[in-house]
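Spelled out, the chains give:
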Amino acid sequence: MLIFFYKNEGRKLKQIIIWLLKSWAATKIRRLNYIQSYTLHEDKIQKIEEKAVIVEFTPENQKKVEGMLKKSDIKEYRFL
């Protein structure tokens, strides 16, 4: 299982989710909407709205999922 965060672009994220499922790389995907991240940048607080995505897969599909995420320009993800 892994988690990644994606900018608030629902259509593109939906395409990525469908791609992961239809390729049989992922077995289940959970999307959490409207996550708010706060960072301090140049003495100002920036608020970013994004979505959290949890991807479940079988152990033999781990490399396939990682490769597909990299092709989708998702650079940061964490295994749970």
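Residues numbered from 1 in each chain as written. Predicted model: local features only at pLDDT ≥ 70, side-chain atom pairs only at ≥ 80, totals over all residues. Heavy atoms only, no water.

Visitor: Just give me the short version of the pairing of strand β1 (residues 2-7), but keep the residues and values in it.
Guide: Relative to strand β3 (residues 44-56), β1 runs antiparallel, the two sharing six bridges. Looking at the pairing, F4 lines up with V53 of β3. As defined by bridge partners, β1 adjoins strand β4 (residues 78-79) across two bridges and the pair is classed as antiparallel. Of the residues in β4, the one forming a bridge with I3 is R78. (Pairing = 2+ DSSP bridges. Helix = DSSP H or I, 4+ residues; strand = E, 2+ residues; numbered from the N terminus.)

Visitor: With reference to specific residues and values, describe the pairing of β3.
Guide: Two elements, strand β2 (residues 28-41) and β3, share twelve bridges in a ladder whose sense is antiparallel. Looking at β3, one finds that K28 is bridged to E56. Linking β2 back to β3 in an antiparallel pair, the connection comprises two residues, with E42 at a positive phi of about 55 degrees.

Visitor: Can you break down the nonpolar core residue by residue, with the values?
Guide: Core analysis: the biggest nonpolar cluster contains 18 residues, and L2, F4, L20, I29, V55, V65 and L69 have the highest contact counts within it. Of all elements in the fold, only β1, α1 (10-22), β3 and α2 (62-71) reach the threshold of two or more residues within this core. Of the residues forming this core, the biggest block, four residues, is contributed by α1. The contacts of F4, once residues within four sequence positions are left out, are L13, K51, A52, V53, V55, L69, I74, E76 and Y77. (Core = buried A, V, L, I, M, F, W, Y, C linked by side-chain atoms within 4.5 Å. Buried < 20%, exposed > 50% of the residue type's maximum accessible area, 1.4 Å probe, protein only. Contact = heavy atoms within 4.5 Å.)

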